[in-house]
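Listed below, chain by chain, are the residues.
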Amino acid sequence: MEPSLRGFKSNSYDQYTHAIELQEKNQRSTKMIEVVLNDRLGKKVRVKCNDDDTIGDLKKLVAAQTGTRADKIRIQKWYNIYKDHITLKDYEIHDGMGLELYYN
Amino acid sequence: MELDHVGGTYGGNRKPTPFICLVMKMLQIQPDKEIVVEFIKNEDYKYVRVLGAFYLRLTGTDIDVYRYLEPLYNDYRKLRQKLSDGRFSLTHVDEVIDELLTKDYSCDIAMPRIKKRLTIEAIGALEPRKSALEDDFEEEEEKDDDDQLMDIDAGGHEKDYYRGQSPSRERGRDRDRKRDSHRHRDRDHDREYDRDYEWERRDRDRDRDRDRDRDRYRGRDERDHGRDRDRDRDRRDRERGGRRRSRSRSTSRDRDRDRDREERRQRHARDTSASPSRRGAEDEKPKKKKEKEKKKDDGTDHPDPEIAEANRIRASLGLKPLKL
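An unreviewed UniProt entry lists chain B under the name Pre-mRNA-splicing factor 38, from Tagetes erecta. Quoted verbatim from the Sequence similarities (unreviewed entry) field of UniProt, the annotation for chain B is "Belongs to the PRP38 family." Under the UniProt heading Function (unreviewed entry), the note attached to chain B is "Required for pre-mRNA splicing."

By the naming in an unreviewed UniProt entry, chain A is Ubiquitin-like domain-containing protein, taken from Tagetes erecta.

1. A closer look at the overall build of chain B
A count of helices and strands for chain B gives 14 helices and 7 strands. A total of 324 residues make up chain B; the buried ones form 35% of that total. Within chain B, counting contacts between residues at least 6 apart in sequence, those at least 24 apart form 55% of the total. Of the roughly 21,400 Å² of accessible surface on chain B, a fraction of 49% belongs to carbon and sulfur atoms.

2. Quick look at the interface of chain B and chain A
Between chain B and chain A, the contact holds 16 residues from the first and 19 residues from the second. Both faces combined, the contact of chain B with chain A buries some 1,600 Å², and carbon together with sulfur accounts for 58% of it. The salt bridge partner of glutamate 306 of chain B is lysine 48 of chain A, with a shortest N-O separation of 2.9 Å. For the pair chain B and chain A, the interface holds 7 residue pairs in polar contact (both at pLDDT 80 or more). Here the side of chain B that touches chain A gets 5 residues from one element, more than from any other, and that element is helix H14 (residues 305-317) of chain B. In terms of residue class, the side of chain B that touches chain A is built from 8 nonpolar, 2 polar and 6 charged.

3. A short note on the pairing of strand S4 (residues 78-82) of chain B
Residue and element names in this part refer to chain B. Summarising the sheet, strand S1 (residues 6-7) and S4 pair through 2 bridges and their orientation is parallel. By the bridge assignment, valine 6 is partnered in S4 with glutamine 81. Two elements, S4 and strand S5 (residues 88-92), share 5 bridges in a ladder whose sense is antiparallel. Paired with glutamine 81 across the bridge in S5 is serine 89. Hairpin connection of S4 to S5: 5 residues between the antiparallel strands, including glycine 86 at a positive phi of 100 degrees.

4. Thoughts on the packing of helix H2 (residues 33-41) of chain B against helix H4 (residues 62-69) of chain B
All names here are of chain B. The N-to-C vectors of H2 and H4 enclose an angle of 25 degrees; their axes lie 11 Å apart at closest approach. Taken together, the axes of H2 and H4 are roughly parallel relative to one another. Seen along the crossing, H2 lies across H4 with a hand that is right-handed. Side by side, H2 and H4 meet where Lys33, Val37 and Ile40 of the first sit next to Asp64, Tyr68 and Leu69 of the second. Its residues assigned to classes, the contact of H2 with H4 comprises 4 nonpolar, no polar and 2 charged.

5. Focus: the pattern of salt bridges
Residue and element names in this part refer to chain B. A complete count under the given rule lists 19 salt bridges over all chains for this structure. With a shortest N-O distance of 4.0 Å, aspartate 64 and arginine 67 are connected by a salt bridge. Taken as a pair, aspartate 64 and arginine 67 lie in helix H4 at a separation of 3 residues, close to a single helical turn. Exposure remark for arginine 67: the relative accessible area of 44% places this residue in the partly exposed category.

6. Focus on the packing of helix H3 (residues 46-59) of chain B against H4 of chain B
All names here are of chain B. Interhelical geometry of H3 versus H4 gives an angle of 160 degrees and a closest axis separation of 8 Å. When the axes of H3 and H4 are compared, the pair comes out roughly antiparallel. Once H3 is placed against H4, the crossing between them reads as left-handed. Each of Ala53, Leu56 and Arg57 in H3 lies in contact with H4, whose residues at this interface are Asp64, Val65, Tyr68 and Leu69. The class makeup of the residues in the contact of H3 with H4 is 5 nonpolar, no polar and 2 charged.

7. Examining the nonpolar core
Ranked by size, the top nonpolar core spans 32 residues in total, and within it Phe19, Leu69 and Ile97 of chain B carry the most contacts. Among the elements of the structure, helix H1 (18-29), H2, H3, H4 and helix H5 (93-102) of chain B are those that each provide at least two residues to this core. Of the residues forming this core, the biggest block, 8 residues, is contributed by H3 of chain B. Excluding residues that lie within four positions of it along the chain, phenylalanine 19 of chain B makes contacts with Leu3, His5, Val6, Gly7, Tyr47, Val50, Leu51, Phe54 and Cys107 of chain B. Core analysis: the next-biggest nonpolar cluster, separate from the first, contains 19 residues, Leu61, Ile75, Leu88 and Leu101 of chain A among them.

Definitions and cut-offs
- Residues numbered from 1 in each chain as written.
- Chains lettered and ligands numbered in written order.
- Predicted model: local features only at pLDDT ≥ 70, side-chain atom pairs only at ≥ 80, totals over all residues.
- Heavy atoms only, no water.
- UniProt positions renumbered as here; feature names shortened; annotations may be inferred.
- Helix = DSSP H or I, 4+ residues; strand = E, 2+ residues; numbered from the N terminus.
- Buried < 20%, exposed > 50% of the residue type's maximum accessible area, 1.4 Å probe, protein only.
- Contact = heavy atoms within 4.5 Å.
- Areas by Shrake-Rupley, 256 points an atom, 1.4 Å probe, with all protein chains shown as cover.
- Buried area = accessible area lost by both parts, 1.4 Å probe.
- Salt bridge = Lys/Arg side-chain N within 4 Å of Asp/Glu carboxyl O.
- Polar contact = N/O pair within 3.5 Å; in protein donor to acceptor, adjacent residues only side chain to side chain.
- Nonpolar A, V, L, I, M, F, W, Y, C, P; charged D, E, K, R; others polar.
- Pairing = 2+ DSSP bridges.
- Axes fitted to C-alpha atoms, helices over the stretch in contact; angles between N-to-C directions.
- Parallel < 35°, antiparallel > 145°, perpendicular 65-115°, else oblique.
- Left-handed = near helix turned anticlockwise from the far one by under 90°.
- Core = buried A, V, L, I, M, F, W, Y, C linked by side-chain atoms within 4.5 Å.

See the structure below:
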């Protein structure tokens, strides 16, 4: 698919391929996002993950970083407890979003 | 009986199972030890048995725990277990008891630490564990003794492990001997590679004699002495090959040491397989290994260290690498 080159004034081949890459990246199905989890008691964790990871996977990553057990972690947003089998993309968790970290 | 499954909490907001509610109730009433032992002794209701066992594990002394819970190893009835995501799974009474005795976390509760059985045996408060399957294992090991005459070490190993005894001096001695023979070999190997070129040539003959003597001694003890002899022959060939290579290239010690380190690495990798390889095969091996390492597809060799680290954690958890 031909990307729009109207904004470009240079004829360099590198910028062309770079533009294609950027467009593909924005249209790609899986992205890497970084989520911030805060438990308001001093533990603030930034976790890099794919947006097609499930909440269960995210809990495992957080457990690896904080040292708690994965099944003791509860991820919430206000009063919505996020379920383990749903992906981050389905919960519409975007890059840089903050989630609340609680413990069972 | 209304109690029909074992479990901790489940679901998103951690609903408790009736089992864990009863455990909490018992902790509130604090029944006497006789009552708890009655719970454990009863044969009719298996869930009540497990409930008693769990409570005893939480509140009893080390010796009591081992004394009353180990007979339950013979109970192999099926149990229904509720997992933390709400599903049921199948387990058995003896599996649950094993979890209680060996792990320190069960049913969402971190259990108090108890001394290891070996420690209690060492102080003499308990006798060494007699397994119910001991007779079966004795028959098996008799069969092993008849089959392999050289197998003194392995037979001793099996007997000690299955009897559940504390590591006897015999087993410790075997372990030390095996460990020392390894260290011996590596130490000589290092010494040989780090010497200068002139010294190497002079000591080569001396080493060969030493290797042959050591081979003869080890052949008597270890089961696969054929393999060791091949391994040493390989090492000797490799020394000669390595030295020839160093002679043709520059005499800088760093480059020799790097190459030696690589050879040492592939030797360790190759030692796990039993086949002695020709000297020609060695030259292909380092090239093949480098290519395989470059083609790793779990992203752990990413230039950005943060992403490489994240991918490493993901790989260890069984997740796919990050999509960049």
